[in-house]
Structure formats: structure tokens, C-alpha cells
Amino acid sequence: MKVLICDDDKYIVEEIKNNLNTFTDKHKIAFDIDSFYSGINPLNSNNRYDMAFIDIEMPQVNGLTLSAQLKKVNSNIIIFIITSHESYLDDAMDLDVFRYLSKPIDKDRFFRALNTAINYFHSNTQIITLEYYDEYYSVFTSDIVYITTEERKAVIITRTRQKKYYTNKKLSYWKEKLKDYDYFAQPHYSYLVNLRYVSDFNKTQLNIKVDLKTETLPISQRNYSNFKKAYFAYIGV
């Protein structure tokens, strides 16, 4: 797994490297780590990284600019933003970053978030086949934004221009098929959503955000408690 660490604070860089090495020793997952103390060099390279830990405020090239470039090379990259400046978070959300790590880094939260990221990475490589009469399509599970129903059949909405795929199966089939993926939850009997795209929610509705576009979906009173629990487990709280 190719990992980038970029922070102008050398102590933070070493701390993250040590944490990754500790995770490797425990879980036998190998990380190929590139470390930088400025955003200039990684910005000018075309290296494809699977995961990145990026300081949001650096001289010359800030973390938002670097993150946007990394997304162009690999749209599925898992980005952790490291910050002590909450004023940048709104801009970072537009880049669909995976998690935010505040300085000083809380080690327990770091490992919880990293474990979730690793699970997500492995799930991200999974492909499911959709069948609709004599038509067949393959999609990444991570690209599914949500699944809903139309005329008693499941419709899968994907990230790619929020394209619709109609299937021969019911929503209950997809709920069972995706139950082992910890980033799917059911806020309403007629929806199954990918928690990665949930920007906020309350007791009656949630907002899905994809490429700066927001869509509102319902949350039922019956499903609210379990949905809330699944969401906070997903974000590592």
C-alpha cells in the first residue's frame, strides 16, 4: 500500500511513520511510505498513492492544493487531513477527504481511523455485478452513493455523474449482499446509503454530498437510532 506523509513538522511525520510501523507489526500490512516536509515535490510528481496524511497548512503549497492534485491522479485515494485550524475544514470537505486528525494526534483515534481506512481500502477493490434482464454492469462498491427502489426493483445510484443502474433484485437483496461492508447503512426502509457521502443528518433527513452537489434523503423514526450508531461507528467516534 503506497502511502504519502506530508507535513512541515518533522515530529509529526515521524510520529505518523511510527504509528504506521506499529500497525504493520500488529496486522501484517506493509506500507510503502514516502515522506515530505513540503508540498512542492509531491505536487509535481505523478505518483499514485493509495493513502495520504497531509498537513493542511504548509508554506508555498498548502494541503488543499496537494490533496486536489492527488485526487486527480487517483480519485479513490484515502486522504487524512492533519490540522489544528478548523477554519479549513469546510474547504477540505469539498475534496471528500476520509478523516481529519487534529494536532496533537490522538493515538487511539489514529489507529481507529486507520483500521477503518484499511477496511475501506480492501472493500474499495471489490466489484459487484449488476444484472438487469440481459444487461450486465460492474461497479466498485465504494462508488455506490445509495440504493433505492423504483417499481419494487432496486436502483443503484453511483458516483460517476450519479448514474443510475436498474437491477432485477429488490433492496433487501442488496442489503444482505452489502452487510459486511461497514460503510453502508439503512436510514429508511426504501434507502441504503454509503456513509462516506453523508455530510450531515438529523432525526428526519440526511444530506448526501457528491462533487459539490447535495441531495436530501429521508430518515425514518424507526431507523434513526441504528443509522446514527452506524454512522458514528464509521467515523470512529
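Remember, it's a predicted structure, so these values are computed and weren't measured experimentally. (Residues numbered from 1 in each chain as written. Predicted model: local features only at pLDDT ≥ 70, side-chain atom pairs only at ≥ 80, totals over all residues. Heavy atoms only, no water.)

(A) Inspection of unusual backbone geometry at higher detail. The omega torsion of the bond from Lys103 to Pro104 falls at -5 degrees, within 30 degrees of zero and hence cis. Locating Pro104 in the fold gives a position in the loop between β5 (99-102) and α5 (107-124). With a phi close to 75 degrees, Gln60 is a non-glycine residue in the positive phi region. (Helix = DSSP H or I, 4+ residues; strand = E, 2+ residues; numbered from the N terminus.)

(B) Focus on the pairing of strand β9 (residues 153-158). Of all 6 residues that make up β9, 5 are buried, and the element is covered over most of its length. Summarising the sheet, strand β8 (residues 144-150) and β9 pair through 6 bridges and their orientation is antiparallel. Within β9, the position partnered with Ile144 by the bridge is Thr158. Here β9 pairs with strand β10 (residues 164-166) via 3 bridges, running antiparallel. If you follow Ile157 over to β10, its bridge partner there is Lys164. (Buried < 20%, exposed > 50% of the residue type's maximum accessible area, 1.4 Å probe, protein only. Pairing = 2+ DSSP bridges.)

(C) Spotlight on the pattern of salt bridges. Enumeration according to the criterion identifies 7 salt bridges in this entry. For Glu14, the salt bridge goes to Lys17, with nearest N and O atoms at 3.9 Å. On the criterion of helical spacing, the pair formed by Glu14 and Lys17 is a turn pair, its members being 3 residues apart in helix α1 (residues 10-27). As a salt-bridge pair, Lys164 and Glu150 come within 3.1 Å of each other at their nearest N and O atoms. Taken together, the residues span a long stretch of sequence, with Lys164 in strand β10 and Glu150 in strand β8 at a distance of 14 residues. Assessed through its relative accessible area of 30%, Glu150 is described here as partly exposed. (Salt bridge = Lys/Arg side-chain N within 4 Å of Asp/Glu carboxyl O.)

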